[in-house]
Amino acid sequence: MIYCTDLDGTLIPNDMSVTSFFSVNLKNPLMLIPSLWWLIRSGGRREVLKFYIERRYTFDPGRLSWNREVLDFLREQAANPENEVYIVSGSADALVKKIAFYHGFFRNGFGTNPEVNLVGKKKLAYLRRRFPGQEICYIGNSRTDLRVWEGVSSGMVVSDNQRLIEEAKSVTRILRVFPPKWEKPGSRGAFA
């Protein structure tokens, strides 16, 4: 089975695109001018802005909060040689890869690049191209993920929103629901 998990709001509580944007622009307020320029020049394409911000953002994955229950589940699935586990996120590609490699059990991480913003239907199209004809279980947390769940064989939800859970169940077979519980770094030892 192919397990693909979202990052923002699924593995971590925040959105790395928002976090990186504010971090870069708060550290250097003059970055706001080129940030707006990149957005305007690209015709409002968020994927271009994410790419330029990601190139200027540094972070330590060990300082992030995590959903330990989801991570433990995915680590267990990755231990089975019949499974492959990936992060597929709308956050910038380099940030997603850094997080995937930090944990050591993900096969890889795939994120937004200057050509495509990996969210909703675009994420589903990417999964279909990347894993043609394979069974995919997608783990997500938001209404945007409904577009992905519609086209995969099964899914899991990270939410306590009953309406979202029911909507997800109406478009795919939901195997499990995880609570949105976040563990701060160091609260239970090393994550890697």
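Residues numbered from 1 in each chain as written. Predicted model: local features only at pLDDT ≥ 70, side-chain atom pairs only at ≥ 80, totals over all residues. Heavy atoms only, no water.

S.K.: Looking at this structure, I do not really get the overall build of the chain. What am I missing?
M.R.: The helix and strand inventory of the chain stands at eight helices and six strands. Across the 192 residues of the chain, 49% fall into the buried class. Long-range pairs, those at least 24 residues apart, make up 57% of the contacts in the chain between residues at least 6 apart in sequence. For the chain, the accessible surface area stands at approximately 9600 Å², while carbon and sulfur atoms represent 52% of it. (Helix = DSSP H or I, 4+ residues; strand = E, 2+ residues; numbered from the N terminus. Buried < 20%, exposed > 50% of the residue type's maximum accessible area, 1.4 Å probe, protein only. Contact = heavy atoms within 4.5 Å. Areas by Shrake-Rupley, 256 points an atom, 1.4 Å probe, with all protein chains shown as cover.)

S.K.: Help me out: how do you make sense of the nonpolar core in this one?
M.R.: Within soluble globular proteins, side chains that are nonpolar generally end up buried alongside one another. Leu-7, Leu-11, Leu-74, Ile-87 and Phe-106 are the most contacted members of the largest nonpolar core, which totals 25 residues. Counting only elements with at least two residues in this core, the list comes to helix 4 (68–78), strand 2 (84–92), helix 5 (93–103), strand 4 (136–140) and strand 5 (154–158). Leu-74 has contacts with Tyr-3, Thr-5, Leu-11, Val-85, Phe-105, Phe-106 and Ile-139, leaving out every residue within four places of it along the chain. Residues Ile-2, Val-116, Leu-127 and Val-152 belong to the second largest nonpolar core, which totals 22 residues. (Core = buried A, V, L, I, M, F, W, Y, C linked by side-chain atoms within 4.5 Å.)

S.K.: I would appreciate a short explanation of helix 6 (residues 120–130) in the present structure.
M.R.: At 3.6 residues per turn, the α-helix brings residues three or four places apart onto the same side. Considered for burial, the residues of helix 6 that qualify are Gly-120, Lys-123, Leu-124, Tyr-126 and Leu-127. Along the axis of helix 6, the buried residues cluster in a sector spanning 160°; they form a single face. Every exposed residue of helix 6 that faces more than 90 degrees away from the buried side is listed here: Lys-121 and Arg-129. At its buried positions, helix 6 is contacted by strand 1 (2–5), strand 2, strand 3 (108–112), strand 4 and helix 7 (146–149). (Arc of directions from axis to C-beta.)

S.K.: Would you mind going over the pairing of strand 3 with me for this structure?
M.R.: Across a regular strand the side chains alternate sides, sitting on one face of the sheet and then on the other. Summarising burial for strand 3: five of the five residues are buried, a large majority. Pairing analysis gives four bridges linking strand 2 to strand 3, with the strands arranged parallel. Bridging from a neighbouring strand, Ala-92 pairs with Thr-112 of strand 3. (Pairing = 2+ DSSP bridges.)

S.K.: Honestly, the state of the cysteines in this entry has me stumped. Any pointers?
M.R.: Joining two cysteines, a disulfide is a covalent bond between their sulfur atoms. For the structure shown, the criterion picks out zero disulfides. Among the cysteines around Cys-4, which has no disulfide bond, Cys-137 carries the closest sulfur, lying 8.8 Å off. (Disulfide = S-S within 2.5 Å.)

S.K.: Help me out: how do you make sense of the pairing of strand 6 (residues 173–178) in this one?
M.R.: For strand 5 and strand 6, the ladder comprises five bridges, and the chain directions are parallel. Opposite Val-158, over in strand 6, you have Phe-178 as the bridge partner. Taking the sense of rotation as the criterion, the β-α-β connection linking strand 5, helix 8 (residues 162–171) and strand 6 turns out right-handed. (Right-handed = clockwise from strand over helix to strand, strands pointing away.)

S.K.: Would you explain the packing of aromatic side chains in this entry?
M.R.: How two aromatic rings sit relative to each other is set out by the distance from centre to centre and by the angle between their planes. In this structure the tally under the stated criterion is eight aromatic pairs. Taken together, a centroid distance of 6.5 Å and an interplanar angle of 10° make the contact between Trp-66 and Tyr-102 stacked. Taken as a pair, Trp-66 in the loop between helix 3 (46–54) and helix 4 and Tyr-102 in helix 5 lie far apart in primary sequence, 36 residues in all. With 6.2 Å between their ring centres and 65° between their planes, Tyr-138 and Trp-149 make a pair best called edge-to-face. In this pair, Tyr-138 sits in strand 4 while Trp-149 sits in helix 7, placing the two residues eleven residues apart along the sequence. For Trp-149, a relative accessible area of 0% puts it in the buried group. Here the aromatic residues Tyr-86, Phe-110, Tyr-126 and Phe-131 are joined through ring pairs into a cluster of three or more. (Phe/Tyr/Trp six-rings, centres within 6.5 Å; stacked < 30°, edge-to-face > 60°.)

S.K.: Teacher, can you tell me more about the sheet that holds strand 3 here?
M.R.: As a general point, the strands of a sheet are linked pairwise by backbone hydrogen bonds and lie either parallel or antiparallel. On the basis of which strands lie adjacent, the open sheet formed by six strands has the order 3-2-1-4-5-6 and parallel pairing. Each having just a single partner strand, strand 3 and strand 6 make up the two edges of the open sheet. For this sheet the average axis-to-axis angle between neighbouring strands, irrespective of direction, equals 20°. (Axes fitted to C-alpha atoms, helices over the stretch in contact; angles between N-to-C directions.)

S.K.: Honestly, the pattern of salt bridges in this entry has me stumped. Any pointers?
M.R.: Applying the stated criterion across every chain yields a total of ten salt bridges. One salt bridge connects Arg-68 with Asp-72, and the closest N-O pair in it is separated by 3.5 Å. Taken together, the residues Arg-68 and Asp-72, both in helix 4 and four residues apart, mark about one turn of the helix. Given the relative accessible area of 9%, Arg-68 is considered buried. Arg-75 serves as the salt-bridge partner of Asp-72, at 3.3 Å between the closest nitrogen and oxygen. (Salt bridge = Lys/Arg side-chain N within 4 Å of Asp/Glu carboxyl O.)

Bear in mind that shape data such as this cannot, by itself, settle questions of function.
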